[in-house]
Amino acid sequence: MEGREKRSPGYGFRPKLMWNTGVQEYLTRAYGAKQFDAICDALMRPCINSTLRVNTLQASTPEVIEQLYNVFRKNSMIMGTHRVGSQVQGLDESGQKQWLNSNTEGANASAEPNVEIGPNFPSNMTLKDGSAASTILESRESIDDKYRRVSAEFPDFSCWEHPVLKDVVMVGGRGPCEVDCRGEAGASVKEVVVSRKCAEAVLRGANVFVPGVLACSQHLEEGDVVAVTVAVERPDGGGGWSVGITRGTTLESEHAVIQMEGSTRSNYFIGMGRMMMSRTALFREIKGVAVEMTKRIFDLPPFHGVLEGQIFLQNLPSIVAARVLDPKPGERILDMCAAPGGKTTAIGILMKDRGEVIALDRSHNKVSDIKNLADEMKLNCIQAYKLDATKSVTQEPHIVLNGDTISPSKSSSDSTTANFSQAQIDSIKQPRHVSMSNKQSGTTTSSLSPYEIKAAARKELRRMKNRLASDKAALQRIKSFQPQSFDRVLLDAPCSALGLRPRLFAGEETLETLRQHSCYQRKLLDQAVKLVRPGGTLVYSTCTLNPGENEAVVRYALDTYHFLSLMPQEPRIGGPGLVGGLDVFDGMSYKEWLREGEKHLVQRFSPGASYDTIGFFIAKFSVSLKMGQSRDDII
Ligand SMILES: C[S@@+](CC[C@H](N)C(=O)[O-])C[C@H]1O[C@@H](n2cnc3c(N)ncnc32)[C@H](O)[C@@H]1O
C-alpha cells in the first residue's frame, strides 16, 4: 500500500459504497455487520474471472478454448507479444476488430508471468497444445515446463473449462493492479472524469465511450495519455445525491473547482488511457470511443465481437438458473421477463433447439434484442413478444361443449400459442349439443334451437380460423396466454439489482423502492403460477441481495399457493437462503423469509463468497394439485 501511494500520489482505487441510510441499516441487520462489509467490498470490484457460456449447438467447449487462444495468438502477432502502452484493440487481416490484453508495462509489468499455476492454477485448464492441466500436475518438473511454455506464449491470458458446468469457459482476469498515474519523468498527466455507469463498464473491460465522459483537462489532444477517474454521487445536502459536475466541464476552470469541491474522484482512479479524439471533438461527438484504456486497475478481457454466436458472456448464476429450470427438448417454456435473452438462449440450447421457448419483455426494443440474439445463436425454437407479463394470463370467454369447458391448448406445436389447437376447433365443426358461455357475462345459449346453435358454432369457428390463418400477424398481436399452458416458466424478475458487480454507488434504492420491487415481483409471480401446468416447474430468480425480493417472495408463494413446493436444485453452486425475517417494511404482510427446512432448497449467491460471482437468488417450485384442490383453484 505504501508503495502504491508513492507511485500514484493522491490517486488510487479506494472506493466506499454509499447507501441510503435505511437500506444500509436493514441490510446490516439482515446479514450482520461483518458479512455486509464483505459484501460491500466485493460489490465494488468486478468478478475476476469472466464466464463464457458456449453455444454447444455450434461449438464444443474445447473448441472454444482453442479458438480463444487463436484469437489471442493472432492479436499478439498483430500488435507484438509485449504491448508496451499499446492499444487494447487491433484489426485482424479481415478487418475484424479483435480484443487484446494490455497492461504489460508500468507498475503492473513485472518479471512474473501472469498465468497462475500451482495452488491457484485451475487443474482443468486446457493448455495451448490441447492437453488438460490436470494431466501435468503429477510432477513438479512438468508443471514448470508447461508453465514456462504457456506463460511465455500467453503472458496475460488463461482460460479453462468450469469444473461443474461443462459448457462454461472461465477466462482469468487480474486486479486490483497497481497503476502509476504519473506522466513521463513523474510529471502529472491530464485527466478525464467519467460517469459512474461508464466506470463500472470500464472495470468490466470496456473502453470509455463519448457519452460517458463528464469533464476533462484543458488542451487535450488525440493521443494524449490521461488518468481516468470517476465522479460518484455524494450527498447533495438536501437528502438526495448529486455527482457535482456537469458534462463538458474543463477541470481547471473556476467553475469546476467549485463544482468538484469535496469530490472524492482521486479515490476512484480506474486506470490510464489514450485519448482517441481531442477535447473539442469529445464534446461535439455523440458516440465512439473517447479513451482507449491502456492500463487498468482491473484487467478483464473484453469479448465484444469475439466468437459471435458461439459464446455468450454471462454471469455464472444466470447460467445456473437456466440449468435449474431443466428444460427438456420438445417442451413449451415461458421466459416471462426475458430481455436481453441470456437465459432464453441458454434454455433454447439446453432444449437442443427443439420445442417452444416463448420470451416476453415489456419493452419493444428489448424484444428486438432477444430476437437478434436468438438469430445470432441460430436458435429457431425462440419466439419473442412484447407483452406486459403482469397481464399475461388470458381472461377470454371459455367454449363449453356438452357441459365441458374446452381446455386451453397446451400443445407445443400450436402455432397461435395463446389460443386453441386445430383439434379443438375441428371438434366443434359438428356439434351435437353445443352451448356457448361467456364466463364474464354469464350468458348461455343452451335454450337455442339446433339451427341457432350450429350458426353460433360456425361463427365461433370462423373467428378462431381467422386467427389461425393469419398466423404470423397473430403472433405479433399476442395479448396473453391460456392458464396452465406451459411445462415450465422462468420468472427472472425485474429487481433492485443490488447484487450486480462492479457497483460504485448503491444510494438510489430506498426502503420504499425495495418494497415496490417486491410487490411487483409478487404480481408477476401470481401470473407465473397460473401459467404452469400441474406437474410443471416454476423457477424464480433475481440479481439482488434484498431478502425482501428473494426469500420473502418465496414465503409469499408458498403461503399463498399450497400446490407449490420448493424443489432441490441441480447444479448447486450457491449457498443456502436466509431463515427468519425482519420487521422493516411497516404494513407489508410478507416480511417473513424461509423456515429452517427450506433454506437448502433455494440457492443464494453472495458477493464476497469464494465462488466470486454477482449476488443472485434462485428458487425452484414444483406445481402440483393437492388433495381437495381442482384446476379451478389456480385458474
Ligand atoms: C432481470 S431482467 C431479465 C434478464 C433476462 N432474463 C436475461 O437473463 O437476459 C428483467 C427484464 O424484465 C423486463 N420487465 C420488467 N417488467 C416487465 C413486465 N411487466 N413484463 C415483461 N417484462 C418486464 C425488463 O424490461 C427487463 O428486461
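Residues numbered from 1 in each chain as written. Predicted model: local features only at pLDDT ≥ 70, side-chain atom pairs only at ≥ 80, totals over all residues. Heavy atoms only, no water.

### As for the UniProt feature "binding site: S-adenosyl-L-methionine" (unreviewed entry) in the protein chain
For clarity, the threshold we go by: UniProt positions are given in the numbering used here, feature names are shortened, and annotations may be inferred rather than shown by experiment. Helix numbering and strand numbering both begin at the N terminus, where a helix is a DSSP run of H or I of at least 4 residues and a strand a DSSP run of E of at least 2. We call two residues contacting when some pair of their heavy atoms lies within 4.5 Å. Each residue's exposure class comes from its accessible area (1.4 Å probe, protein chains only) as a fraction of the maximum for that residue type: buried when under 20%, exposed when over 50%, partly exposed otherwise.
Using the residue numbers shown here, the UniProt feature "binding site: S-adenosyl-L-methionine" (unreviewed entry) corresponds to Cys337, Ala338, Ala339, Pro340, Gly341, Gly342, Lys343, Asp361, Asp388 and Asp492. Structurally, cysteine 337 is set in the loop between strand S16 (332-335) and helix H10 (342-350). Once you skip the residues sitting within four places of it in the chain, cysteine 337 turns out to touch Leu360, Asp361, Leu491, Asp492, Pro494 and Leu524. Among the secondary structure elements, alanine 339 is positioned in the loop between S16 and H10. What makes alanine 339 partly exposed here is its relative accessible area of 22%.

### Here's the deal with the packing of helix H2 (residues 21-31) against helix H3 (residues 33-43)
Helix-helix packing is characterised by the crossing angle of the two axes and by the distance between the axes. This is how it is decided: The axes are straight lines fitted to the C-alpha atoms, using for helices just the contacting stretch, and the angles between their N-to-C directions are given from 0 to 180°. Should the near helix be turned anticlockwise from the far one by less than a right angle, the crossing is left-handed, and should it be turned clockwise, the crossing is right-handed. Here the term charged refers only to Asp, Glu, Lys and Arg, the term nonpolar to Ala, Val, Leu, Ile, Met, Phe, Trp, Tyr, Cys and Pro, and the term polar to all other amino acids, Gly among them.
It is the contact of H2 with H3, at a shortest axis distance of 6 Å, that shows an interaxial angle of 115 degrees. Considering how the two elements wind past one another, H2 and H3 form a crossing that is right-handed. Of the residues in H3, those in contact with Gln24, Leu27, Thr28 and Tyr31 of H2 are Ala33, Gln35, Phe36 and Ile39. Looking at the contact of H2 with H3 residue by residue, the classes come out as 5 nonpolar, 3 polar and no charged.

### Topic: empty space enclosed by the protein
The line we're drawing: Buriedness for pockets is judged along seven lines, at least five of which must meet protein on both sides within 12 Å for an open set on the 1 Å grid over protein atoms alone, while cavities are sets there where a 1.4 Å probe fits but cannot get out, and lining residues have an atom within 4 Å of a point. Grid points are joined across faces, edges and corners, and a volume is the space filled by probe spheres set on the points.
The tally for this structure, following the rule as stated, stands at 5 cavities of 30 Å³ or more. Each pocket or cavity is described by its volume, and for the largest cavity that value is around 50 Å³. The wall of the largest cavity is formed by Arg53, Val54, Asp167, Ile319, Ala322, Arg323, Ala346, Ile349 and Leu350. Those elements that place two or more of their residues in the lining of the largest cavity are strand S1 (50-54), helix H9 (316-325) and H10.

### Overview of the sheet that holds strand S4 (residues 159-161)
The cut-off we apply is this: Strand pairing is assigned whenever DSSP identifies at least 2 bridges connecting the two strands.
Across the sheet, which stays open at both edges, the 4 strands sit in the order S4-S5-S1-S15 with antiparallel pairing between neighbours. Each edge of the open sheet carries a strand with a single partner, namely S4 and strand S15 (311-313). Each adjacent strand pair in this sheet contributes to an overall mean axis angle of 30 degrees, direction not counted. Sheet analysis places S1 next to strand S5 (residues 168-171), joined by 4 bridges and oriented antiparallel. Bridge pairing links threonine 51 to methionine 170 in S5.

### Observations regarding the site of the ligand
Condition: We call a residue near a molecule or strand as soon as one heavy atom of that residue lies within 4 Å of the molecule or strand. Think of a polar contact as two N or O atoms within 3.5 Å of one another; within protein, one of them needs to be a possible hydrogen donor and the other a possible acceptor, and neighboring residues in sequence only count if both atoms come from side chains.
By nearness alone, 19 residues border the ligand, and Asp361, Asp388, Ala389, Asp492 and Tyr520 come closest of all. Within the backbone of arginine 362, an N or O atom sits 3.2 Å from a nitrogen atom of the ligand. One nitrogen or oxygen atom from the side chain of tyrosine 520 is found 2.7 Å from a nitrogen atom belonging to the ligand. Residue classes in the shell around the ligand are distributed as 10 nonpolar, 3 polar and 6 charged.

### Overview of the sheet that holds strand S13 (residues 269-275)
Paired through backbone hydrogen bonds, the strands of a sheet run either parallel or antiparallel to each other. Strand order across the open sheet formed by 7 strands is S7-S14-S13-S9-S6-S8-S12, with mixed pairing between neighbours. The open sheet is flanked by strand S7 (208-209) and strand S12 (249-250), the only strands paired with a single partner. Where S7 meets strand S14 (residues 289-296), 2 bridges bridge the pair, whose relative direction is antiparallel. Of the residues in S14, the one forming a bridge with valine 208 is valine 291.

### Details of H10
Extensive coverage of H10 is indicated by the burial of 8 of its 9 residues. All of the buried residues in H10 are Gly342, Lys343, Thr344, Thr345, Ala346, Ile347, Gly348 and Ile349. Lysine 352 sits one or two residues past H10 and shows a positive phi near 55 degrees.

### What to know about the domain arrangement of the protein chain
We count it as follows: Note that domain bounds follow an automatic or database assignment of domains. The term buried area refers to how much accessible surface (probe radius 1.4 Å) is lost by two components on association, counted for both of them together.
Domain boundaries in the protein chain define domain 1 (21-74 + 145-172), domain 2 (191-296) and domain 3 (315-393 + 478-623). Computed over C-alpha atoms, the centres of domain 2 and domain 3 are 36 Å apart. Interface of domain 2 and domain 3: buried area, both sides summed, is about 740 Å²; carbon and sulfur atoms make up 69% of it. Contact with domain 3 buries area across many residues of domain 2, yet Arg196, Glu200 and Trp241 alone supply 51% of it, more than any other trio.

### Things to note about the pattern of salt bridges
To be explicit about the condition: Throughout this description, the term salt bridge denotes a Lys or Arg side-chain nitrogen within 4 Å of a carboxyl oxygen of Asp or Glu.
The full count for this structure, using the stated rule, is 25 salt bridges. Between arginine 488 and glutamate 331 there is a salt bridge whose closest N-O contact spans 2.6 Å. One end of the pair, arginine 488, is in strand S22 (residues 486-492); the other, glutamate 331, is in the loop between H9 and S16, with 157 residues separating them in the sequence. For the residue pair arginine 488 and glutamate 331, the accessibility class agrees, reading buried in each case. Linking aspartate 612 and arginine 501 is a salt bridge whose minimum nitrogen-to-oxygen distance equals 3.0 Å. Residue aspartate 612 is located in the loop between strand S25 (602-605) and strand S26 (616-623), and its partner arginine 501 is located in the loop between S22 and helix H15 (511-531); the two are separated by 111 residues in the primary sequence. Among the residues examined, aspartate 612 registers a relative accessible area of 23% and is labelled partly exposed. Via salt bridges that share partners, Arg196, Glu200, Glu233, Arg503 and Glu508 belong to a single interconnected network.

### Some points on the side chain of glutamate 549
Put simply, the rule reads: By the counting rule applied here, Lys and Arg register as positive and Asp and Glu as negative, while His and the ends of each chain are not counted.
With respect to the helices, strands and loops of the structure, glutamate 549 is situated in the loop between strand S23 (532-542) and helix H16 (551-560). Buried and without a salt bridge, glutamate 549 has arginine 604 as its closest oppositely charged side chain, separated by 9.4 Å. A distance of 2.6 Å separates a polar atom in the side chain of glutamate 549 from a polar atom in the side chain of serine 496. Side-chain polar atoms of glutamate 549 contact the side chain of glutamine 521, separated by 2.9 Å. Not counting chain neighbours up to four residues away, the residues in contact with glutamate 549 comprise Cys495, Ser496, Leu514, His517, Ser518, Gln521, Tyr540, Thr542 and Thr544.

### Some details on the environment of proline 571
Within the element layout of this structure, proline 571 appears in the loop between strand S24 (564-566) and S25. Classification of proline 571 as buried rests on a relative accessible area of 5%. When the C-alpha atoms of proline 571 and valine 164 are compared, they prove to be 7.9 Å apart, with 407 residues separating the residues in sequence. In this structure, proline 571 is in contact with Val164, Leu165, Val320, Arg323, Val324 and Gln603, ignoring residues within four places of it in sequence.

### Section: the packing of H15 against H16
We apply this condition: If an angle is under 35 degrees, it is roughly parallel; if it is over 145, roughly antiparallel; if it lies from 65 to 115, roughly perpendicular; otherwise it is oblique.
Where H15 contacts H16, the two axes come as close as 10 Å, and the packing angle between them is 40 degrees. The orientation of H15 with respect to H16, classified from their angle, is oblique. Like other packed secondary-structure pairs, H15 and H16 cross with a definite hand, here right-handed. Side by side, H15 and H16 meet where Ser518, Gln521, Arg522, Leu525 and Asp526 of the first sit next to Val553, Tyr556 and Ala557 of the second. Considered class by class, the residues forming the contact of H15 with H16 number 4 nonpolar, 2 polar and 2 charged.

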